[in-house]
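Next come the chains, spelled out residue by residue.
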Amino acid sequence: MRGSQSFLLGCSASTWGSAWTSLRRKEPAGWIQELYRKRETTKVESSITPHKIKISTMVNTNLNGPESHRRYMQLALSEARKSPPKSTNFCVGACLVSPSHPVSLLATGYTLECEGNTHAEQCCFIKQATMYNCSEEELGRRLPEDTVLYTTMEPCNQRSVGNTPCVDRILRMRRADGRPVIRKVFVGVAEPVTFVGVNEGKRKLIDAGVEVIHVPGFEEEILNVATTGHMRAG
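- Per an unreviewed UniProt entry, the recorded name for the protein chain is Cytidine and deoxycytidylate deaminase zinc-binding region, and the organism is Teratosphaeria destructans.

This is the structure in structure tokens:
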């Protein structure tokens, strides 16, 4: 009911009434879909107690048009700005999206959002795994068929000992038939060589059958945000 109450906030009296009627009939899917249809843009925030993770979900049917890639990348960039600036990593933002799903935006994430030395893409997966009460690997059977990933920076292919690279996290999530869950990854920039040298993540994804698609127009802004905690020359 806590999530239901969040959805009802801000609805008109007629929308609230029809939703509540469906709820009383024990048809949760019906009333939620009705709210999605009547409210073009809604932001819902809920706290998942076991991991104390705040999950933000945006319902926006207008994000599936020609400008959708730019809008999702802009949203990922907004997430990157939330990342605590540090000299030892990049401030990156990411969005997990299903264009055909009633809730197109499945999850957002940014560097160090979740506990530990977490990356933006990793935080998206942690949130979804928490919501479904499953492991990251098991997400493959839970996520919508057309799930794609937007990230301001190319997913990492190398990390410090004990941390799984984001490329490997993407590839280990598979359907029951063995296909990768995420078949498209939209990126704003390639990873600079600052920490691990040349990132071979793009090639690894492509070799595994995953499309890596550049969303142009954000390069300078993304790099400025990504290196916020780094010492500037001059």
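1. Remarks on the overall build of the protein chain
Argument step 1. Along the backbone of the protein chain there are 8 helices and 7 strands.
Argument step 2. Out of the 234 residues belonging to the protein chain, those deemed buried represent 47%.
Argument step 3. Accessible area for the protein chain stands at about 12,100 Å²; split by element, carbon and sulfur atoms hold 51% of it.

2. Points about helix H4 (residues 68-80)
The periodicity of an α-helix, 3.6 residues per turn, causes residues three or four places apart in sequence to face the same way.
Argument step 1. A rise of 1.5 Å per residue sets the reference length of H4, with its 13 residues, at 18 Å; its end C-alpha atoms lie 18 Å apart and thus fit the reference within 8%.
Argument step 2. Along H4, the positions that sit buried rather than exposed are Ser68, Tyr72, Met73, Leu75, Ala76, Leu77, Glu79 and Ala80.
Argument step 3. Looking at the buried residues of H4, the elements they touch are strand S3 (93-97), strand S4 (105-110), strand S5 (148-153), strand S6 (184-189) and helix H8 (219-226).

3. Digging into the environment of asparagine 117
Argument step 1. Structurally, the position occupied by asparagine 117 is in the loop between S4 and helix H5 (120-132).
Argument step 2. Counting along the chain gives 28 residues from asparagine 117 to asparagine 89, while the straight-line C-alpha distance between them is 9.5 Å.

4. Concerning the sheet that holds strand S7 (residues 211-214)
Argument step 1. An order of S4-S3-S5-S6-S7 is seen for the 5 strands of this open sheet, with the pairing classed as mixed. At either margin of the open sheet sits one strand with a lone partner, and together these are S4 and S7. Taking each pair of neighbouring strands and ignoring which way they run, the sheet shows an average axis angle of 20°.
Argument step 2. Sheet strands touched by H8: S5, S6 and S7. Its angle to S6, the strand with the most contacts, is close to 80°.

5. Regarding H5
Argument step 1. Relative to the 18 Å expected for 13 residues at 1.5 Å per residue, H5 spans 19 Å between its end C-alpha atoms, a close match to the ideal helical length.
Argument step 2. Judged by how many residues are buried, H5 sits mostly within the fold: 11 of 13 residues are covered.
Argument step 3. By the burial criterion, the buried members of H5 are Ala120, Glu121, Gln122, Cys123, Cys124, Phe125, Ile126, Lys127, Gln128, Ala129 and Thr130.

6. What about the nonpolar core?
Argument step 1. Ranked by internal contacts, the top residues of the largest apolar core, which has 45 residues, are Met73, Leu96, Phe125, Tyr150, Ile182, Val185 and Leu205.
Argument step 2. When residues of this core are traced back to their parent elements, those giving at least two are H4, S3, S4, H5, S5, helix H6 (166-172), S6 and H8.
Argument step 3. Element by element, the count of residues in this core is highest for H4, at 6 residues.
Argument step 4. Apart from residues no more than four positions distant in its own chain, isoleucine 182 is found in contact with Leu96, Phe125, Thr147, Val148, Leu149, Ile170, Met173 and Val210.

7. Topic: the pattern of salt bridges
Argument step 1. With the rule as written, the count across this model stands at 11 salt bridges.
Argument step 2. The partner of arginine 81 in a salt bridge is glutamate 221, and the shortest N-O contact between them spans 2.3 Å. In this pair, arginine 81 is assigned in the loop between H4 and S3 and glutamate 221 in helix H8, connecting sequence segments 140 residues apart.
Argument step 3. In this structure arginine 81 comes out as partly exposed when scored by relative accessible area, which is 48%.
Argument step 4. Ionic pairing is found between arginine 172 and glutamate 136, a salt bridge with its closest N-O pair at 3.5 Å. Placement of arginine 172 in helix H6 and of glutamate 136 in the loop between H5 and S5 is noted, with a sequence separation of 36 residues between them.
Argument step 5. Residues joined by salt bridges that share partners form a network here, namely Glu136, Glu137, Arg169 and Arg172.

8. Observations regarding the pairing of S4
Across a regular strand the side chains alternate sides, sitting on one face of the sheet and then on the other.
Argument step 1. With 6 of 6 residues buried, S4 lies mostly within the body of the structure.
Argument step 2. Judged from the 5 bridges that link them, S3 and S4 form a sheet pairing that is antiparallel. Opposite alanine 94, over in S4, you have glycine 109 as the bridge partner.

9. Remarks on the packing of aromatic side chains
Argument step 1. Evaluated as defined, the whole model comprises 2 aromatic pairs.
Argument step 2. Aromatic side chains tyrosine 72 and tyrosine 150 sit 5.1 Å apart centroid to centroid with 35° between the ring planes, which places their arrangement in the tilted category. Of the two residues, tyrosine 72 is situated in helix H4 and tyrosine 150 in strand S5; the sequence distance between them amounts to 78 residues.
Argument step 3. The exposure class assigned to tyrosine 72 is buried, which follows from its relative accessible area of 2%.
Argument step 4. Summarising the aromatic geometry, the rings of tyrosine 150 and phenylalanine 186 are spaced 4.5 Å apart at their centres and angled 10° between planes, so their arrangement reads as stacked. A residue pair is termed long-range when its members are at least 10 positions apart, and tyrosine 150 in strand S5 and phenylalanine 186 in strand S6 qualify at 36 residues. Each member of the pair tyrosine 150 and phenylalanine 186 is classed as buried.
Argument step 5. Among the aromatic side chains, those forming a connected cluster through ring pairs are Tyr72, Tyr150 and Phe186.

What counts and what doesn't
Residues numbered from 1 in each chain as written. Predicted model: local features only at pLDDT ≥ 70, side-chain atom pairs only at ≥ 80, totals over all residues. Heavy atoms only, no water. Helix = DSSP H or I, 4+ residues; strand = E, 2+ residues; numbered from the N terminus. Buried < 20%, exposed > 50% of the residue type's maximum accessible area, 1.4 Å probe, protein only. Areas by Shrake-Rupley, 256 points an atom, 1.4 Å probe, with all protein chains shown as cover. Expected span 1.5 Å × (residues − 1). Contact = heavy atoms within 4.5 Å. Pairing = 2+ DSSP bridges. Axes fitted to C-alpha atoms, helices over the stretch in contact; angles between N-to-C directions. Core = buried A, V, L, I, M, F, W, Y, C linked by side-chain atoms within 4.5 Å. Salt bridge = Lys/Arg side-chain N within 4 Å of Asp/Glu carboxyl O. Phe/Tyr/Trp six-rings, centres within 6.5 Å; stacked < 30°, edge-to-face > 60°.

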